Amino acid sequence: MGNLSFVLPALGFLLLCCAVSAKQPSTNVKYKDPKQPLRTRVKDLMSRMTLEEKIGQMVQIDLSVAKPEVMTKYLIGSVLSGGGSVPAQKASPETWVNAVNDIQKAALSTRLGIPMIYGIDAVHGHNNVYNATIFPHNVGLGVTRDPKLVRRIGEATALEVRATGIQYAFAPCIAVCRDPRWGRCYESYSEDHRIVQQMTEIITGLQGDLPAKQKGIPFVDGKRKVAACAKHFVGDGGTVRGINENNTVIDKKGLFNIHMAAYHDAVDKGVATVMISYSSLNGVKMHANKKLVTGFLKNKLKFKGFVISDWQGIDKITYPPHSNYSYSVFASVTAGIDMIMVPYNYTEFIDEITSQVKRKIIPMRRINDAVERILRVKFTMGLFEHPMGDHSLANHLGSKEHRELAREAVRKSLVLLKNGENADSPILPLPKKAKKLLVAGTHADNLGNQCGGWTITWQGLNTTDLTIGTTILTAVKNTVDPTTQVVHIENPDREFVESNGFDYAIVVVGEPPYAEGNGDSTNLTIPEPGPSTITNVCGSVKCVVVIVSGRPVITQPYISGIDALVAAWLPGTEGQGVADVLFGDYGFTGKLARTWFKTVDQLPMNFGDPNYDPLFPFGFGLTTEGKRQYMSK
Ligand code: GLC
């Protein structure tokens, strides 16, 4: 027997190699080979997965609970940042990338090394993130009727999302808001489904151009693009009296002609994911609606990406929410939902779905369909090849180029509703050179009001230091002649206005920021002191009123006292776009994408309805000549 001292270490090394190989497949397996056909990679990986690994892929949890040990123990396939869920206040792109990468490293350390996908509500730019470019909300973008512009916004947004290491945006909302009393109406491009269909072009901006003959297959073109999410399927904008998450009562023709139309376009454009609406359709909760989720979206429209629930959406299948979680899990998963935005009680969800699969209540073929769809998206977006966030894109966040694009979008989103008593005596464009001008109103120097909800926090903030941008007041000061004195006072009384000899005034008022149900309204009025400011100022000096709101609001009582009226919607960080048009560098071109009603008791009232009697009809918008023209892009 020779010297056996080398045997033990060699044996130990051999055992170690076996242990590691048992833990992670060697790199020559098919699912890890990007040269393999997609179908082969999915099939190979599926064949290796345990039930726990499959169920883990169906679970999305919030950043706040996504600790590495949770990712590895429960094999979690997806993480999100809910509104305001950030790694740190005013976190830099570097902090974001590091936070996302720490979670990804945990996901990759599991046996099969399946990368996680990280989602966030980038719904008007990368709006959760400090210093991101905040674009006008969809209510303003619909006014532009410019799909190319919206596609460019998608491209810019994708870059800013990737600059933070995130690969998935819960956008676009393709709701067709039919009643402005809905708190989410500003997330809808229009009351007209045809405009919403046009604006699905943003999907191509976010995800990239669909390769020929790949119509309907989810596609995300590499590391500078993100997976998109058409939401909320379906009929979220048609609820009774615009009550958020309520019931949409509609016949088949109305459903498919109005609310379903843009989903055809989204699927054709290869949208990677579809999010289900909290609302009900003719009394059936959409999160439990197998007929439409599986029967129509998957089987009829041939949608090949994955379907995701809304935030605690399955809990709300029952009332009170979460009162029968077993049924919630059964009804949502068997309806065809593939990924569940839990987002906190992941052990409860995992235990429940595992139990129902093992007891054959939920069939294994449903789990396999869900996981195949999720893997298909992760493979096609290159997540297996490029799972880690990239620090090199940080300079795109809030870049000058993107802010200029947002400024162009602001210009094109403005609607001129009144311009003097008649065409012969227009007020706008305003002269840049004047002795003294007054800028008043709660929204003149308030970036938070200008951006609205879904900005830095879920509900938005009524402050100015929430992020970096240009208020409308700053924009006015940037634009007027240096000899023009600009006086700013938020809510001046009549005496102040009369005693100061102003040449003219700009009054910027509107709605406070809100999101979802918090924005539901039964009166649609501009809260005080807005109306008082309008009365005090416009009763004493020539005035232009700029309304910053998520929707048409009550204006008829003031219209006769106003010399010029502009709808600015929720313009975002680039207030310079408002001044560009007020002072004539560019002309007004926007056309209403929503009916501007006279009184709330007319609602719901949409273009084409009988007894259509608006203050300003759908498609209305006065124009002015601008000194500069747009270069067509
Ligand atoms: C919210 C919204 C949805 C959003 C999701 C994640 O409740 O309904 O639009 O994408 O939760 O924040």
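Structure: above.
Residues numbered from 1 in each chain as written. Predicted model: local features only at pLDDT ≥ 70, side-chain atom pairs only at ≥ 80, totals over all residues. Heavy atoms only, no water.

1. Concerning the environment of Asn462
As for its placement among the helices and strands, Asn462 is situated in the loop between helix H17 (447-451) and helix H18 (472-479). Separated by 186 residues in sequence, Asn462 and Ile276 place their C-alpha atoms 30 Å apart. Contact partners of Asn462, with chain neighbours within four places excluded, come to Asn446, Asn449 and Pro513. Polar side-chain contacts of Asn462 include one of 2.6 Å to the side chain of Asn446. Within the structure, the side chain of Asn462 is placed 3.4 Å from the side chain of Asn449, a separation counted as a polar contact. (Helix = DSSP H or I, 4+ residues; strand = E, 2+ residues; numbered from the N terminus. Contact = heavy atoms within 4.5 Å. Polar contact = N/O pair within 3.5 Å; in protein donor to acceptor, adjacent residues only side chain to side chain.)

2. Regarding the sheet that holds strand S11 (residues 340-341)
One open sheet accounts for 5 strands, arranged S4-S3-S2-S1-S11; its pairing is parallel. Where the open sheet ends on each side, the last strands, each with one partner, are strand S4 (168-169) and S11. Sheet analysis places strand S3 (residues 117-120) next to S4, joined by 2 bridges and oriented parallel. Within the sheet, the bridge partner assigned to Gly119 lies in S4 and is Tyr168. (Pairing = 2+ DSSP bridges.)

3. A word on the state of the cysteines
For the structure shown, the criterion picks out 2 disulfides. With a sulfur-sulfur separation of 2.0 Å, Cys177 is cross-linked through a disulfide to Cys185. Residues Cys177 and Cys185 are joined through a disulfide that is left-handed, its torsion about the S-S bond being -105°. Each member of the pair, Cys177 as well as Cys185, carries the same accessibility label: buried. A sulfur-sulfur distance of 2.1 Å marks the disulfide that ties Cys538 to Cys543. Given an S-S torsion of about 105°, the disulfide between Cys538 and Cys543 has right-handed geometry. On the basis of relative accessible area, Cys538 is assigned to the buried category, the value being 12%. Cysteines bonded in the protein chain are numbered consecutively along the chain; their disulfide partners then correspond to 1-2, 3-4. Of all cysteine sulfurs in the structure, the one in Cys177 sits closest to Cys173, which takes part in no disulfide; the separation is 9.3 Å. (Disulfide = S-S within 2.5 Å. Buried < 20%, exposed > 50% of the residue type's maximum accessible area, 1.4 Å probe, protein only.)

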